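As a plain string of letters, each chain reads:
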Amino acid sequence: MKKELRGMNARVKKLRAQSETTTPKISIERARLVTEAYKQHQGKVSIPVLRARTFKHMMENKTICINEDELVVGERGEGPQQAPNYPELCCHTLEDMDIMDKREKISFAVTEKVLEVQKKEIIPYWQGKSIRDLIFNEMTEEWMECYAAGIFTEFMEQRAPGHTVGDDKIFKKGFLEIKEEIKGELDGLDFMSDPEAYEKQEELKAMDLSADGIMIFAERHGKKAMELSRKEVDPKRKKELERIADIAFHVPKYAPRTFHEALQAYWFVHLGVITELNTWDAFSPGRLDQHLEPFYTKEIEAGTLTREEAKELLQCFWIKFNNQPAPPKVGITLQESGTYTDFANINVGGLKVDGSDGVNEASYLLLEVIDEMRLLQPSTNIQVSKKTPNGFIKKAGEIIRKGWGQPSIFNTDAVIGELLRQGKTIEDARCGGNSGCVETGAFGKESYILTGYFNLTKILEITLHNGVDPRTEKMIGLKTGSPKDFNDFDQLMEAFKTQLNYFIDIKIRGNHLIEKLYANYMPAPFLSTVIDDCIKKAKDYNAGGARYNTNYIQGVGIGTITDSLSAIKYHVFDQKKYSMDKLLDVLNKNFENQEPMRQFLLNKTPRYGNDDDYADSIMTQVFNSFYEAVNGRPTMRGGTYRINMLPTTCHVYFGSVIGATAEGRRGGLPLSEGISPVQGSDRNGPTAVIKSASKMDHLKTGGTLLNQKFTPQMMESDESLDHLTYLIRSYFKLDGHHIQFNVVDAKTLRKAQEKPEEHRDLIVRVAGYSDYFNNLNKSLQDEIIARTEQKMI
Amino acid sequence: MKKGIVFNIQKYSLHDGPGIRTTIFLKGCPLKCLWCHNPESIRVDREISYSKNLCISCGECMKACPVDAVKLHREESILDREVCIKAGECAEVCPTNALEIVGKEMTVDEVVKEIEKDKVFYQESGGGVTFSGGEPLMQWEFVYEIAKVCKEQGIHTAIDTSGHVKWEAIDQVRKVIDLFLYDVKHLDTDRHMEMTGVSNLRILENLERLAYLKEKVYVRIPIIPGMNDEEDHLRALGKWIASMGLKEVMLLPYHKTGMDKYERIGWKYQIPDVPEPRDEEMQRMKKKFQEEGITVKIGG
């Protein structure tokens, strides 16, 4: 057999370097086009049609960019690393723009010209009218107080709902066919007896217009490629440009016929979705290996594509994701998600729709691409079912041990279990998977929106202060009694649950309103064309058009609250070592002059993460309380509320608003991340962590996140990859949802903190995604260093 | 209910037999090997271990000690081991676990419960439980009881032994032990005596009997430079092992990681000047054994 060439070729190296070295900057073009369209159409047409005309206007007029030597084309901004703003969602002030430009981390260059346009054209039109303005105007005072206190965050205050993933239809259908479907529905509208016929008509018209928009956008790329090819002197590149033109004239109007067309078709749709609105988690191609496999096999057999060519195309495709930084965030949204990553996440492996093993040739090819590209975006994961061969997991392990945090590992059987529990069909469940960090969804058929992080530990703090937030001394909770009067631990837990339910009510009431605002004012007709059953229901994605609609609230800091409660239970109620009075007094003073007591609490408390039922049963109590408070509540789009356990970077922000906690944590420091134990508290090795984490009923969630840190020495040998496989298999047998490994030693991280300039390429796992260590703020860097290094004894 | 003295239970143990294992460290050992990296395991009764670097000089230990064996001196606790009665109160109150009790009395049920916790990992990896020490067979009835329950539950059992026990103990536990990790330090009795404080006669004889009975045995040889790594000795050792029909050997290079444990329990480290063997030397030794048709692994 011919030895396969390894590594990137010159073209890919060049494109990758361009992607990596270009400074992110703001592109004002989109904001201008949106403003133009609104000025022209607002008030004259229905809102869905207004949104569709706006989308089409952008597709007709935005700058077409074809980078030198690239094979897959199209950018969201005017060029690589350019992020537009979305004034209809969040109209940035000039001060916001200045902060974006100057901030140390996650900055975006803002030119004088951009600032000028923002000042003269954008702000005058949008100020006070953006969704963000509407939200903050409409929210109750109690909601605003909770938001300011850091009880919860709000995902939709400056980004749109999205949290969905494409399925195979993008690879099997063209937009002419989609337009036919829309026409069919339009023709079938019953204006005589359906009271919603008008709304349906407007939505279908909007979808149809946006389908036109995406085809125009593709054609414009075709024309641009032709134009470039006419000028091109290099005959090889000339041919490539001709091919790009052919492809762009064909897809996404028609279904793709080749591997190259398939990638380009998806990419146009991807750009459409993320240009229409600033959707959370961008958009993702879902089970990419399964979507590509038919094209790959057909072309390899026909001899029209070699493995190397397929790989090169995939690598060009990868770079397109990396060229799109998440649009600039400000305020608390920046704190909960401080990263350039836009969370597109590619699934590899898993099962096929008929339940058989989904690993194919393209899966291994994708692993190779992930390994060689070593890019932050797209995020990648492998889906492991009991049918997945061990060899595939080991192959992924070879990449994981290189230490840059990809791919992450999901339990397909648990993911399917979660989807089935929520009422999906077995087929829809098998075609689902994970996106964003760890979120479970039925790809192409579900809107699974994260609505905000929820600060579980803060609720305990407020409970311990009888409804008062000690940071602001404001009464924002309920009077559930002074903890000094509690006779036992159960009373404390009861009070906690009462407070928890109270704050969840406030959060959900706010969510209801926001959902309505998006349904009424910010429909997404283009996204609606690719998610079932929006067309059939003639209903927008943001109004409940998807087949399944789920809203999530994400619990943060389960490790910290568990240990904190465990410390109170153990030392105050069981051992009676400290009185509640004494403990609260010491916590209020942030352990000042009480180092021995702090150490005692740190070291002599039963801690979560050690397979110790004393602590772990408290974790399950907290988890179940959270689950019961949220799960099953109705959403305003006809869906259901569920819980997730993940933090992105929110555990740092949430920690910053909480004073000292009873397990010895000083005030203001980060909370535990995901469902991982508190940093440094797991002292019995990885099997104990896995056992503790699996006591949570993962199938009741739509995603949990467990990070494990290993030293590189632990991953050196071939045997260690077997051990890794066994750990993964064991965790998944126990229904664990997701596990990820950070393979880097604390020493390296400390060095990188001291000399960032020498460690620009150091990528680490944060929480459900990877990022450059240099991109993280100091407290998050410290937190990652503190996470337990599982050392060999 | 049978009880024993356990000084550590190590989860995710990867070097004491196949797969992912839990190693039960039992206290007490008849040998006193110069290089022992678990010195806290040698005495049968419990120890108070003191890690100076963790001490925050809060003085809680002084207040708690019933016999005034702890003094605070220049910001560190000084434990007078002559006066100490190992009551352990100091360790109970020590906020940082600088003071710790080594050796805990546990019942068979308690130990089994700990072993069972990682059953799913044993099943996935082909792992199980390993008894180590100290010399686990000093508490052979305890080991037998635990291993018997493990076997009933389908958990693979291994024992890491010096072999310096009466044959009856080995003969009893072999009914419930799947794999012997059997340490051999030296073939020469006098040299063995110098290195470990005991004769090797019983050790060699017991190994021959195990081999004769076709028990599954991995011979483990700690390589201590200047003591047992001479070419002649290793060649003789290889021939002898092969002659018994044993096929697996593990060479364990001497390491100094146990050194600070000596200080913690108030002992003096005997061989601070012995170097750790170099990798290429280990490879050379590995070849010697391979020449006898033996499968060799460096490390556990």
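Residues numbered from 1 in each chain as written. Chains lettered and ligands numbered in written order. Predicted model: local features only at pLDDT ≥ 70, side-chain atom pairs only at ≥ 80, totals over all residues. Heavy atoms only, no water.

Undergrad: Quick question: what am I supposed to make of unusual backbone geometry here?
TA: Glycine aside, negative phi is the norm for most residues, and most peptide bonds take the trans geometry. Note the cis peptide between A:Gln377 and A:Pro378, where omega equals -5 degrees. Mapped onto the fold, A:Pro378 is located in the loop between α16 (361–373) and β4 (379–384). The step from B:Gly133 to B:Gly134 runs through a cis peptide bond, and the omega angle for that step is 15 degrees. The phi dihedral of A:Lys576 is positive, around 55 degrees, even though this residue is not glycine. Relative to the helices and strands, A:Lys576 resides in the loop between α24 (558–574) and α25 (580–588). (Helix = DSSP H or I, 4+ residues; strand = E, 2+ residues; numbered from the N terminus.)

Undergrad: I'm lost on the interface of chain B and chain A in this one. Help?
TA: As a measure of interface size, the accessible area lost when the parts come together is often cited. Facing 24 residues of chain B, the contacting portion of chain A comprises 22 residues. Of all residues in chain B, B:Tyr12, B:Phe121 and B:Glu124 bury the most surface against chain A, accounting for 30% of the area lost on that side. Summed over the shared surface of chain B and chain A, the result is 2 salt bridges. Linking chain B with chain A are 9 residue pairs in polar contact (both at pLDDT 80 or more), by the criterion used here. Looking at the side of chain B that touches chain A, the elements with two or more residues in it are β1 (3–13), α2 (89–93) and α4 (119–125) of chain B. (Contact = heavy atoms within 4.5 Å. Buried area = accessible area lost by both parts, 1.4 Å probe. Salt bridge = Lys/Arg side-chain N within 4 Å of Asp/Glu carboxyl O. Polar contact = N/O pair within 3.5 Å; in protein donor to acceptor, adjacent residues only side chain to side chain.)

Undergrad: What am I meant to see in the confidence of the model for chain A here?
TA: Detailed reading of the predicted model is not advised wherever pLDDT is low. For chain A, the mean per-residue pLDDT works out to 95, and 98% of the residues sit at or above 70. For the stretch residues 1–5 of chain A, pLDDT sits under 50, and the model shows 4 contacts to residues farther than four places along the chain or on other chains. (pLDDT = per-residue confidence, 0-100.)

Undergrad: Any chance you could explain the pattern of salt bridges here in plain terms?
TA: Two side chains bearing opposite charge may form a pair once their charged atoms approach each other closely. All names here are of chain A. By the definition in use, this model includes 83 salt bridges over all chains. Notably, a salt bridge pairs Glu372 with Lys311, separated by 2.9 Å at the nearest N-O pair. Linking Glu372 in helix α16 with Lys311 in helix α14 (residues 307–322), this pair joins segments that are 61 residues apart in sequence. The class for Glu372 is buried, based on a relative accessible area of 10%. Between Arg633 and Asp505 there is a salt bridge, with the nearest N and O atoms lying 2.6 Å from each other. Remark: Asp505 occurs in helix α21 (residues 489–521) and Arg633 occurs in the loop between α27 (613–630) and β12 (640–645); sequence separation between them is 128 residues. A cluster of three or more residues bridged by salt bridges with shared partners is formed by Asp167, Lys169, Asp428, Lys445, Asp532, Asp533 and Arg547. (Buried < 20%, exposed > 50% of the residue type's maximum accessible area, 1.4 Å probe, protein only.)

Undergrad: What should I look at first to understand the nonpolar core in this one?
TA: In summary, soluble globular proteins display a tendency toward joint burial of nonpolar side chains. Membership of the largest hydrophobic core comes to 237 residues, with the highest contact counts inside it found for A:Ile151, A:Phe259, A:Trp318, A:Phe454 and A:Phe626. In terms of residue count, the dominant contributor to this core is α21(A) (13 residues). Among residues more than four places away in sequence, those in contact with A:Phe626 are A:Phe454, A:Leu456, A:Leu500, A:Ile504, A:Ile553, A:Gln554, A:Gly555, A:Ile643, A:Asn644 and A:Met645. Counting residues in each nonpolar core, the second largest holds 54 residues, with B:Val176, B:Leu237, B:Met282 and B:Val296 among its members. (Core = buried A, V, L, I, M, F, W, Y, C linked by side-chain atoms within 4.5 Å.)

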